[in-house]
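The primary structure of each chain is shown beneath.
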Amino acid sequence: MPPLEAWEKVFIGSDTFLKDVHNTPNCIGCHGGQPGTDDKVAAHKGVVRDPSADKGGVCANCHGEIAKTSATSLHYTINGYYTILGQRGFDFNDPKKAEIFDRHCTSCHATCGQCHISRPTSADGGLVKEHQVKSIVSLSDTCLGCHGGRVGPEFMGKNPGVPGDVHWTKGINCFKCHNMTQFHGDGTLYAHRYDGKPAPSCLDCHPDAAPGKGQVMQHNIHGDKLDCRVCHSAGAYKSCWNCHVGLDKEGLPYRKLDPSVLTFKIGKNPNPTPDRPWEYVLVRHIPVPADIFGYYGDNMLPNWASVPTWKYATVHNIQKITPQNKDCKNCHGHPELFLTEKDVDPAELEANRAVIVTEIPK
Amino acid sequence: MKTRTIAWVVGLIGITVLILAACGAAATPTPTTAPTKAPPTNTPVPPPTNTPAPTNTPVPPTPTPVPSADNCVACHTSAETLQKLAETKKTGSAETEGEG
């Protein structure tokens, strides 16, 4: 996604939007600002950059129901951050720490406008199509604006040597599997994205892949022991290490991250539930070291080791036939496919006990 | 004469009352059945259903007087003006490294 020049971000080059129903309140009606002046500073006095930011804001005037549920969606609440950082001991009640969190971690928070009108803030913003309000959002500008680091490349086959997802190559895009409630919320405040039933579940479209429901021997043998991806992930996917955040000499926030590495690791399911009962899942390393906030002080995550750094991953590079499922012997007895103690940094062993495989299936 | 008229009216009213009373007495009372207790039934409780996704019912915006935004449109539809006035603000540090 090429970056936009500052002027391009706010340029309205045709009258399509100006004639659209969404321009009924006009610029000032939604964004505020001052009429009757050509002076840039005077005209922008009181301007609200994103008038949809607060629980839908102006969008809620017409789309009240969607705005209401959207305020519960993970895209809006970013509860995943609060939940996992909270488990690691980050103190959100400390105003200084809350400010650090706001500075470095909240640009992923999505609003109506950041999906339907502009690129997300985390992708540096800017109008996607001259302020037109897109009901079907742009996959490249919007979805990949936030999910273009790991999921995007694996889905589209951009990881070297690994084919893309069969759904993508067959023309099935994000919206065909992920329904609207996953974007707009369903009114439930989920703690993180793996809270609740898999959405979507592979079985939604492939019910005969459920154990005992079809003729495929491997599905019936493995039962509920394996997440579908363990067998059907086409190959390696990105893992990341060592993210550190801080402020530079000018006081601007920075983030430093080691280059990603392609890994394929089968780990133990750290949290089997009736909705996700599997014994084995795919895991990827996430870049959260104990000292991620080290710039600001020591021991900012006192319970850092309470959550694995090799995290359950819903990898998006699905194929029917994969290297590991071509033959039983391609997986059974292959320790290199599994996350074992030797794959884990000694400093992270304690954090990852729940996902480390101690006995390789024979 | 006046006394006779009054007596005539009073008599007429009296007769009317008697006739109405007789009709009322002749009316057959509607039989009523004693209330019986309905046997308790186990009303099956429907399984919880997923609340359907809220539909987007458009509510027309309340028209509120908004000042003209001609000045906004004039500038934001002119690439030349925007390029001239654009300021590139640094939002992230040059020290940022790595994917994200």
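Quick notes on the rules
Residues numbered from 1 in each chain as written. Chains lettered and ligands numbered in written order. Predicted model: local features only at pLDDT ≥ 70, side-chain atom pairs only at ≥ 80, totals over all residues. Heavy atoms only, no water. Helix = DSSP H or I, 4+ residues; strand = E, 2+ residues; numbered from the N terminus. Rg over C-alpha atoms; globule rule 2.2 N^0.38 Å. Buried < 20%, exposed > 50% of the residue type's maximum accessible area, 1.4 Å probe, protein only. Contact = heavy atoms within 4.5 Å. Areas by Shrake-Rupley, 256 points an atom, 1.4 Å probe, with all protein chains shown as cover. Buried area = accessible area lost by both parts, 1.4 Å probe. Salt bridge = Lys/Arg side-chain N within 4 Å of Asp/Glu carboxyl O. Polar contact = N/O pair within 3.5 Å; in protein donor to acceptor, adjacent residues only side chain to side chain. Phe/Tyr/Trp six-rings, centres within 6.5 Å; stacked < 30°, edge-to-face > 60°.

Our focus in this paragraph is the overall build of chain A. Helix and strand counts for chain A come out as 15 helices and 7 strands. Relative to a compact globule of 362 residues, whose C-alpha radius of gyration would be 21 Å, chain A shows 23 Å and is just as compact. Within chain A, buried positions represent 38% of all 362 residues. Contacts in chain A between residues far apart in sequence, at least 24 positions, make up 64% of those at least 6 positions apart. For chain A, the accessible surface area stands at approximately 19,200 Å², while carbon and sulfur atoms represent 56% of it.

The next point concerns the interface of chain B and chain A. Listed as interface residues are 36 residues of chain B and, on the opposing side, 39 residues of chain A. For the pairing of chain B and chain A, the buried interface totals around 3,100 Å² over both sides, and the portion due to carbon and sulfur atoms is 58%. The three residues of chain B that bury the most area against chain A are Asn71, His76 and Glu99 of chain B, which together make up 20% of that side's buried surface. Counting across the chain B and chain A interface gives 3 salt bridges. Note that glutamate 99 of chain B is salt-bridged to lysine 238 of chain A, the shortest N-O span being 2.7 Å. Our enumeration of links across chain B and chain A arrives at 15 residue pairs in polar contact (both at pLDDT 80 or more). Elements represented by at least two residues in the side of chain B that touches chain A include exactly helix H2 (70-76) and helix H3 (79-85) of chain B.

Another aspect to go through is unusual backbone geometry. Excluding glycine, residues mostly carry a negative phi; peptide bonds, for their part, are mostly trans. All names here are of chain A. The peptide bond linking alanine 199 to proline 200 adopts the cis configuration, its omega dihedral lying at 0°. Within the element layout of this structure, proline 200 appears in the loop between helix H12 (180-184) and helix H13 (202-205). Despite not being glycine, aspartate 124 shows a phi value in the positive range, around 75°. Inspection of the secondary structure assignment puts aspartate 124 in the loop between helix H7 (112-116) and helix H8 (139-147). Relative accessible area serves as the criterion here: at 41%, aspartate 124 is assigned to the partly exposed category. In this structure, asparagine 242 takes a positive phi of about 60° despite not being glycine. Within the element layout of this structure, asparagine 242 appears in the loop between strand S1 (237-239) and strand S2 (244-247).

Attention shifts here to the pattern of salt bridges. Residue and element names in this part refer to chain A. Evaluated as defined, the whole model comprises 13 salt bridges over all chains. A salt bridge links lysine 9 to aspartate 124, with the shortest nitrogen-to-oxygen separation between them at 3.2 Å. Residue lysine 9 is located in the segment before helix H1 (26-31), and its partner aspartate 124 is located in the loop between H7 and H8; the two are separated by 115 residues in the primary sequence. Across the salt bridge formed by aspartate 227 and arginine 229, the nearest N and O atoms sit 3.1 Å from each other. One exposure class covers both aspartate 227 and arginine 229, and it is buried.

Glancing now at helix H5 (residues 79-87) of chain A. In an α-helix there are 3.6 residues to a turn, and that puts residues three or four apart on one side. Residues and elements named next belong to chain A. Residues of H5 that are buried include every one of Asn79, Thr83 and Leu85, and no others. Where H5 is buried, its residues meet helix H4 (74-77) and helix H6 (95-105). A positive phi of about 100° marks glycine 89, the residue just after H5.

Before going further, it helps to spend a moment on the environment of proline 200 of chain A. All names here are of chain A. Taking the relative accessible area as the measure of exposure, proline 200 reaches 26% and is therefore partly exposed. Between the C-alpha atoms of proline 200 and histidine 178, which are 22 residues apart in sequence, the distance is 6.0 Å. Discounting chain neighbours no more than four positions away, the residues touching proline 200 are Cys177, His178 and Gln182.

Attention shifts here to the packing of aromatic side chains. Residues and elements named next belong to chain A. Following the criterion strictly, the structure yields 17 aromatic pairs over all chains and no others. Taking the centre distance of 4.9 Å and the plane angle of 45° together, the rings of tyrosine 82 and phenylalanine 92 count as tilted. A residue pair is termed long-range when its members are at least 10 positions apart, and tyrosine 82 in helix H5 and phenylalanine 92 in the loop between H5 and H6 qualify at 10 residues. Since its relative accessible area comes to 34%, tyrosine 82 is described here as partly exposed. Here the aromatic rings of phenylalanine 90 and phenylalanine 293 are separated by 5.1 Å at their centres, their planes lie at 45°, and the arrangement is tilted. Of this pair, phenylalanine 90 sits in the loop between H5 and H6 while phenylalanine 293 sits in the loop between strand S6 (280-285) and strand S7 (310-312); the two residues are 203 residues apart in sequence, bridging distant segments of the chain. Judged on exposure class, the residue phenylalanine 90 and its partner phenylalanine 293 are both buried.

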